[in-house]
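# Overview (structure and organization)
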Amino acid sequence: MATAQAQVDSKWWSGGKSPFNVEYGKLMMWYFLMSDAFTFGAFLISYGTIRFSQNYWPDPNEVFNALPFTGHANLPLAFVSLMTFVLIVSSVTMVLAVHAGHHNDKKGVIKWMIWTVIGGIAFLGCQAWEWTHLITGDHAVLINGEIKHIGTTVTMNPWGPHVTIPGQEGHISTPGPVAFGGYFFGITGFHGFHVLSGVVINIVMLIMAWNGTFERKGHYLMIEKAGLYWHFVDLVWVFVFLCFYLI
Amino acid sequence: MEHFITEVSFHHEPEGKEFVKKVIRTTIILSVITIIELLLGLSMYAFPMAALLKLFLKGVIVILSLAKAFYIVGVFMHLGDEVKNLIMTIVLPLLIFVWFIGAFLYEGSSWKNLRNTYNKAPTVTAPAESHSSGEHH
């Protein structure tokens, strides 16, 4: 066994086989994902730099405390946990689709791809709700001596330090660092766009599997490549979740 | 054309039920880590605590997230089953993040310190640490 292995190793780069033992498209998908990791990494590090340069930064538990259909209940991080769970589950169904593909199980691939697409769409729906809630949810903020009601946008941030004003009821804050909204919408938007393109890719894969394209080809390697992309989207969410919601 | 056939027909995945079990186990691990992270994140909100303890908890959360990333890449994306040289061409370039994160966070905090020291223009100063505890709705 050991000598056989050594023989294989010595011929590894001499032509006739793929030195990395993967198909070209899959290798290139890995390198694309690596470059995409740098893009996301640069965005998140830029966010970190600005955050470290500020004396005050909003507490995510305070900003992200809403859940659909619960009115004004204070439920920090509940909704984003749901979103995280949706994405993890859709990643699992993708693994099972790839696994079914390895066994040339057309029905299995179709079933799990449908669940993956549903998971992706559910995540996008959640994100749309969260954005809408942040942009349209007004908060009383003291700006230049006047109380104004503003939402969270790329130019406005109502999540600054609280102030108490004699004769005023309720919670009043001062404007927080403007960069908060820009980074939040920019980075979650970039991630959401990845999810959207992932859903489109998965739908195309689903249609191709349905039509028997992969069955005729004799392998389901395309599903594997789409799967890599989809898992990467989940992977990026781990870090977006970490940087914007947890710490 | 022979090489092409060997190229694409090479599967390196554990067979059948064993793999599905592994996937289920990984899913549970990912969910449990996420729940622990959430509990730690919420505890920083629910209980007033010293800045240093907060920093420590944030560090723990970062490490847990890295563990999640490791499971996603290793099990779901099967990177662990690839040829070692392939793994290295993906992982080694990512080491630049060690410098990238350290240098830029240092830059950010230095920026803050310089501004606090030399820029006397009225800025919003922080009641920061005490603020996150208690009484908002």
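Residues numbered from 1 in each chain as written. Chains lettered and ligands numbered in written order. Predicted model: local features only at pLDDT ≥ 70, side-chain atom pairs only at ≥ 80, totals over all residues. Heavy atoms only, no water.

### A look at the packing of aromatic side chains
Residues and elements named next belong to chain A. Under the convention used in this document: The rule is short: rings of Phe, Tyr and Trp, with Trp giving its six-membered ring, pair when the centres are within 6.5 Å, and they are stacked under 30 degrees, edge-to-face over 60, tilted in between. Partly exposed residues are those whose accessible area sits between 20% and 50% of the maximum for their type, while under 20% is buried and over 50% is exposed, using a 1.4 Å probe and protein chains only.
For the structure shown, the criterion picks out 25 aromatic pairs over all chains. With a centroid separation of 6.0 Å and an interplanar angle of 50°, the aromatic rings of W237 and Y245 are classed as tilted. Note on accessibility: W237 and Y245 belong to one class, buried.

### Some words on the interface of chain A and chain B
The following threshold applies: For this analysis, residues touch if any pair of their heavy atoms sits within 4.5 Å. The term buried area denotes the loss of accessible surface (1.4 Å probe radius) that occurs when two parts are joined, taken as the sum for both partners. For salt bridges, the criterion is a side-chain nitrogen of Lys or Arg within 4 Å of an Asp or Glu carboxyl oxygen. To qualify as a helix, a DSSP run of H or I must reach at least 4 residues; to qualify as a strand, a run of E must reach at least 2; elements of each kind are numbered from the N terminus. Residue polarity is assigned by list, with Asp, Glu, Lys and Arg as charged and Ala, Val, Leu, Ile, Met, Phe, Trp, Tyr, Cys and Pro as nonpolar; anything else, Gly included, falls into the polar class.
Contacts between the two partners involve 65 residues from chain A and, on the opposite side, 66 residues from chain B. Carbon and sulfur atoms supply 73% of the area that chain A and chain B bury against each other, a total of about 5900 Å² over both sides. If you sort the residues of chain A by the area they bury against chain B, W30, I45 and N55 of chain A come out on top, with a joint share of 11%. At the junction of chain A and chain B, the tally comes to one salt bridge. E82 of chain B is the salt-bridge partner of K26 of chain A, the closest N and O atoms lying 3.1 Å from each other. No other element matches helix α2 (residues 24-52) of chain A, which puts 16 residues into the side of chain A that touches chain B. In terms of residue class, the side of chain A that touches chain B is made up of 35 nonpolar, 23 polar and seven charged.

### Concerning the environment of F180 of chain A
Residues and elements named next belong to chain A. By secondary structure assignment, the location of F180 is in helix α6 (residues 179-210). Along the sequence, F180 and V154 sit 26 residues apart, while their C-alpha atoms lie 7.6 Å from each other. Not counting residues up to four positions away in its chain, the partners in contact with F180 are W57, P58, V63, F64, T152, N157 and W159.

### Describing the pairing of strand β1 (residues 139-143) of chain A
Residue and element names in this part refer to chain A. Note the cut-off: When DSSP finds two or more bridges between a pair of strands, those strands are recorded as paired.
With five bridges connecting them, β1 and strand β2 (residues 146-150) associate as antiparallel partners. From the neighbouring strand, L142 faces β2, where its bridge partner is I147. Between the end of β1 and the start of β2, which pair antiparallel, lie two residues, with N144 showing a positive phi angle near 50°.

### A closer look at the environment of L87 of chain A
You can see L87 of chain A is positioned in helix α4 (residues 78-102). Spatially, the C-alpha atom of L87 of chain A lies 9.6 Å from that of L235 of chain A, the residues being 148 residues apart in sequence.

### Concerning the pattern of salt bridges
Tallying each qualifying case throughout the model produces five salt bridges over all chains. When the shortest N-O distance is used, the salt bridge between E215 of chain A and K106 of chain A registers 3.8 Å. Separated by 109 residues along the polypeptide, E215 of chain A in helix α7 (residues 213-217) and K106 of chain A in helix α5 (residues 106-136) bring together distant segments of the chain. Judged by relative accessible area, which is 47%, E215 of chain A ranks as partly exposed. Relative accessible area serves as the criterion here: at 24%, K106 of chain A is assigned to the partly exposed category. Connected via shared salt-bridge partners are K26 and E224 of chain A together with E82 of chain B.

### Points about the side chain of S53 of chain A
Residues and elements named next belong to chain A. Put simply, the rule is: Two N or O atoms form a polar contact when they lie within 3.5 Å of each other; inside protein one atom must be a possible hydrogen donor and the other a possible acceptor, and for residues adjacent in sequence the pair counts only when both atoms belong to side chains.
Among the secondary structure elements, S53 is positioned in the loop between α2 and α3 (60-63). S53 sits in the buried class, given a relative accessible area of 2%. Within the structure, the side chain of S53 is placed 2.8 Å from the backbone oxygen of I50, a separation counted as a polar contact.

### Considerations on the environment of D234 of chain A
Secondary-structure assignment places D234 of chain A in helix α8 (residues 221-246). We classify D234 of chain A as buried; its relative accessible area is 2%. Measuring from C-alpha to C-alpha, the distance between D234 of chain A and S91 of chain A comes to 6.8 Å, with 143 residues separating the pair along the chain. Apart from the residues lying within four places of it in its own chain, the contact partners of D234 of chain A are L87, I88 and S91 of chain A together with I72 of chain B. Within polar-contact distance, the side chain of D234 of chain A engages the side chain of S91 of chain A at 3.2 Å.

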